[in-house]
Amino acid sequence: ALHWFWYVRGHAYEGRNWLETALTLTNNPIPAELEAKARDALAEKTKDFGDYDQAAQYQQQALELWQELGNAQRIAG
């Protein structure tokens, strides 16, 4: 949900930092659906900075999670 807030308010840098930090925390495992959403959002934020190779990697990671979850709508989107 914060992805859209960061996008609309122009806080791409802040959003990218929070998402990268959250995804590196290993104390509590992140549910796969939440991780996939976070990686999708992080791909968008990374793309905003012109880092297309890294954005593609995040998007690929999200796609793999959506495929594991069998979420056809997210795979097609």
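Quick note: structure is the one above.
Within each chain, residues carry numbers counting from 1 in the order of the written sequence. Totals for whole chains, interfaces and linings use all residues, but because this is a predicted model, local features are given only for residues with pLDDT of at least 70 and pairs of side-chain atoms are given and counted only at 80 or more. Side-chain figures throughout are based on the complete set of non-hydrogen atoms in the structure, without hydrogens or water.

Visitor: What is the right way to read the overall build of the protein from this model?
Guide: Secondary structure follows DSSP: runs of H or I at least 4 residues long count as helices, runs of E at least 2 residues long count as strands, and numbering of each begins at the N terminus. For the protein, the count of helices and strands is five helices and zero strands. Ordered by position in the sequence, the α and β elements of the protein form the string α-α-α-α-α. Our radius of gyration is a C-alpha quantity, and the globule rule it is checked against amounts to 2.2 Å times the number of residues to the power 0.38. Relative to the globule expectation of 11 Å for 77 residues, the C-alpha radius of gyration of the protein, 12 Å, shows essentially globular dimensions. Dimensions of the protein, computed from the C-alpha atoms along their principal axes, are close to 35 × 30 × 25 Å. Within the protein, buried positions represent 27% of all 77 residues. Buried, partly exposed and exposed residues are distinguished by accessible area as a fraction of the type maximum, computed with a 1.4 Å probe on protein chains only: under 20%, between the cut-offs, and over 50%, respectively.

Visitor: I would appreciate a short explanation of the nonpolar core in the present structure.
Guide: The nonpolar side chains of a soluble globular protein tend to be buried, and buried together. By nonpolar core we mean a set of buried residues, namely Ala, Val, Leu, Ile, Met, Phe, Trp, Tyr and Cys, connected to one another through side-chain atoms within 4.5 Å. Counting residues in each nonpolar core, the largest one holds eight residues, listed as Trp-6, Leu-19, Leu-23, Ala-38, Ala-41, Leu-42, Ala-43 and Tyr-58. For this core, the elements supplying multiple residues, two or more each, are helix H2 (12–24) and helix H3 (32–48). In terms of residue count, H3 provides more of this core than any other element does, four residues in total. Whether two residues are in contact is decided by their heavy atoms: any pair within 4.5 Å suffices. With residues near it in sequence (within four places) discarded, Leu-42 still touches Arg-16, Leu-19, Glu-20, Leu-23 and Tyr-58.

Visitor: Please clarify how the pattern of salt bridges should be interpreted in this entry.
Guide: Side chains carrying opposite charge are able to pair once their charged atoms draw close together. Any carboxyl oxygen of Asp or Glu that lies within 4 Å of a side-chain nitrogen of Lys or Arg is treated as forming a salt bridge with it. One pass over the structure, following the stated rule, counts six salt bridges. Notably, a salt bridge pairs Lys-37 with Glu-33, separated by 3.9 Å at the nearest N-O pair. Placement of the pair is Lys-37 and Glu-33 together in helix H3, with a separation of four residues, close to one helical turn. On the basis of relative accessibility, which here comes to 38%, the residue Lys-37 falls in the partly exposed class. What makes Glu-33 partly exposed here is its relative accessible area of 42%. Taking the shortest distance from any N to any O, the salt bridge between Glu-35 and Arg-39 comes out at 2.9 Å. Of the two residues, Glu-35 and Arg-39 both sit in helix H3, four residues apart, roughly one turn of that helix. Within the structure, one salt-bridge network assembled from shared partners comprises Arg-16, Glu-20 and Asp-51.

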